[in-house]
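Take a look at the letters that make up each chain.
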Amino acid sequence: MDGGAGVMVAAERDSVLLPGHDVPLGRYTTVRRLLPHRERRMVGAWCFVDHFGPDDVAGTPGMRIPPHPHTGLQTVTWLLEGEILHRDSLGNVTTARPGQLNIMTAGFGISHSEESPVDHPPVMHGLQLWAALPDATRNGPPAFSHHPELPVRRDGDATITVVAGEIAGERSPAQVHTPLVAAEIRLDGTARLPLEPDFEYGMLVLTGTADVGGTPLAPGVLLYLGTGRSDLVCAGEGRLFLLGGEPFDEPLVMWWNFVGRTHEEIAQARLDWMGGVRFGHVTGFDGGALPAPPMPTTRLKARDRHGRTLG
Ligand code: MN
């Protein structure tokens, strides 16, 4: 981007509404999947966005996601309401609560389970995000961090919680591997959010409604905002979530819970999971691990962030 008025025209042309679709997850949970989308695979390194709830889980088991593996990504769990108990193959057992960040780095391989605690709050509402790791670190060691305190900044009529990366001069303590941002915005009027022109952005509404850069937005839709913006005016009442980052140039193969670069890598990760190696073991979950689905009969193809296949 070269700055100036042309950039804003380009940015407006880039702005597009991407409706999510419902996906059943485990036996008791249905999520709204906002990324990847056919027309837009990624926002920065963010390659996966699930919005779940608000669901009434009183008197039900709530979330029950058995042990399953990941490669090549970081997961971010962000709750507005409810609690999720995380167990992983590194031995971490942590309860995620609203306003706190759980971030897990899969690297070469990790496994985890996610469940509502036995005594859980009546409502569950939140996000799960994946950020693709760049080639330089994607085969590194797995890690998990719980961040109970995050920077919060008041800006206009917005209260901004910096979940990952940096915005408005505030930086999250979470370690990330590419220039990116994730922030929750509580809006009770009008605010002008400062943006990085080199980043592309996406905004979703979790509760309420808002006008975001001239586009009316409600839950269930991701507004892709492109690059070339130095700020974004938001007006309304509700809780919004901003995703952004430098456009991610590496084509990805995403299949099941794996992010890789080739069909062979994904096939190997599946074999390793089914063979009980590489991903460690989750202890304490009441139930068996998730088996991987069969590989598709055709070769998995790498796609760039626009969804274009590369042979
Ligand atoms: Mn997972």
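Our structure is the block above this text.
**Student:** Now, about the overall build of the protein chain: what can you tell me, with residues and values included?
**Tutor:** Counting its secondary structure elements, the protein chain contains 2 helices and 22 strands. The C-alpha radius of gyration of the protein chain comes to 19 Å, within 12% of the 19 Å expected for a compact globule of 311 residues. Across its three principal axes, the protein chain shows a C-alpha extent of roughly 55 × 50 × 30 Å. The burial tally for the protein chain puts 54% of its 311 residues in the buried class.

**Student:** Residues and numbers for the layout of surface pockets, please.
**Tutor:** The gaps left among the atoms become clear once a water-sized probe is rolled over them. In this structure, the largest pocket encloses a volume near 520 Å³. Lining of the largest pocket is provided by 27 residues; of these, L25, R33, F48, W130 and N257 occupy positions nearest its centre. Listed by contribution, the elements that provide at least two residues to the lining of the largest pocket are β2 (21-25), β3 (29-35), β4 (46-56), β5 (64-70), β11 (123-132) and β21 (253-255). Looking at which element gives the most residues to the lining of the largest pocket, the answer is β5, with 4 residues. The class makeup of the residues in the lining of the largest pocket is 17 nonpolar, 6 polar and 4 charged. Estimates place the volume of the second largest pocket at around 180 Å³. In terms of lining, the second largest pocket is formed by 16 residues, of which the most central are E166, I167, R171, E196 and F199. Of all the secondary-structure elements, those providing two or more residues to the lining of the second largest pocket are β14 (158-167) and β16 (180-194). Looking at the lining of the second largest pocket residue by residue, the classes come out as 10 nonpolar, 3 polar and 3 charged.

**Student:** Summarise the coordination of the manganese ion; cite the residues concerned and give the values.
**Tutor:** Looking at the metal site, the manganese ion is ligated by H68 (NE2), H70 (NE2) and H112 (NE2), spaced 2.1 to 2.2 Å from it. Here the donor residues of the manganese ion share one chain and are spaced in sequence as H-x1-H-x41-H. For the pair shown, H68 and H70 are each scored as buried.

**Student:** Talk me through the sheet that holds strand β10 (residues 110-115); I want residue IDs and the actual numbers.
**Tutor:** With antiparallel pairing, 4 strands are arranged side by side in an open sheet as β5-β10-β7-β8. Of all the strands in the sheet, the pair left with one neighbour each is β5 and β8 (93-96). Between one strand axis and the next, the sheet turns by 20° as a mean value, whatever way the strands run. Where β5 meets β10, 5 bridges bridge the pair, whose relative direction is antiparallel. Counterpart to I65 in the pairing with β10 is E114.

**Student:** If you had to explain the sheet that holds strand β9 (residues 101-105) to someone new, which residues and values would you point to?
**Tutor:** Taken together, 7 strands build an open sheet; the order of strands is β2-β3-β4-β11-β6-β9-β12 and the sheet is antiparallel. Of all strands in the sheet, those with a lone pairing partner are β2 and β12 (143-147), marking the two edges. Between one strand axis and the next, the sheet turns through 20° on average, direction left out of account.

**Student:** Pulling in residues and values, what's your account of the pairing of β11?
**Tutor:** Taken across its 10 residues, β11 has 9 buried, putting it largely inside the fold. Sheet topology note: the β4/β11 ladder contains 8 bridges and is antiparallel. Counterpart to F52 in the pairing with β11 is G126.

**Student:** Hey, could you go over empty space enclosed by the protein for me, with residue numbers and the actual values?
**Tutor:** Under the criterion given, the structure shown has 3 cavities of 30 Å³ or more. The computed volume of the largest cavity comes to approximately 60 Å³. Around the largest cavity sit T75, T77, I84, H86, A96, N102, M104, H112, E114 and F144, which together line it. For the lining of the largest cavity, the secondary structure elements donating two or more residues are β6 (73-81), β7 (84-88), β9 and β10. Of the residues assigned to the lining of the largest cavity, the class counts are 4 nonpolar, 5 polar and 1 charged. Of the volumes computed, that of the second largest cavity is approximately 50 Å³.

**Student:** An account of the packing of aromatic side chains is requested, with residue identities and associated values reported.
**Tutor:** In the structure shown here, the tally under the stated rule is 8 aromatic pairs. Ring geometry for W255 versus W256: centroids 6.4 Å apart, planes at 55°, classification tilted. Take W255: its relative accessible area is 12%, and that puts it in the buried class. An aromatic cluster is built from W255, W256, F258, W273 and F279, whose rings are joined through pairwise contacts. Sitting over the face of the ring of Y224, R40 holds its NZ or CZ atom 3.9 Å from the ring centroid.

Definitions and cut-offs
- Residues numbered from 1 in each chain as written.
- Predicted model: local features only at pLDDT ≥ 70, side-chain atom pairs only at ≥ 80, totals over all residues.
- Heavy atoms only, no water.
- Helix = DSSP H or I, 4+ residues; strand = E, 2+ residues; numbered from the N terminus.
- Rg over C-alpha atoms; globule rule 2.2 N^0.38 Å.
- Buried < 20%, exposed > 50% of the residue type's maximum accessible area, 1.4 Å probe, protein only.
- 1 Å grid on protein atoms, 1.4 Å probe; cavity = no way out; pocket = protein on both sides within 12 Å on 5 of 7 lines; lining within 4 Å.
- Points joined across faces, edges and corners; volume = space filled by probe spheres on them.
- Nonpolar A, V, L, I, M, F, W, Y, C, P; charged D, E, K, R; others polar.
- Donors = N, O, S within 2.8 Å, 3.2 Å for Na, K, Ca; no water.
- Pairing = 2+ DSSP bridges.
- Axes fitted to C-alpha atoms, helices over the stretch in contact; angles between N-to-C directions.
- Phe/Tyr/Trp six-rings, centres within 6.5 Å; stacked < 30°, edge-to-face > 60°.
- Lys NZ or Arg CZ within 6 Å of the ring centre and 35° of its normal.

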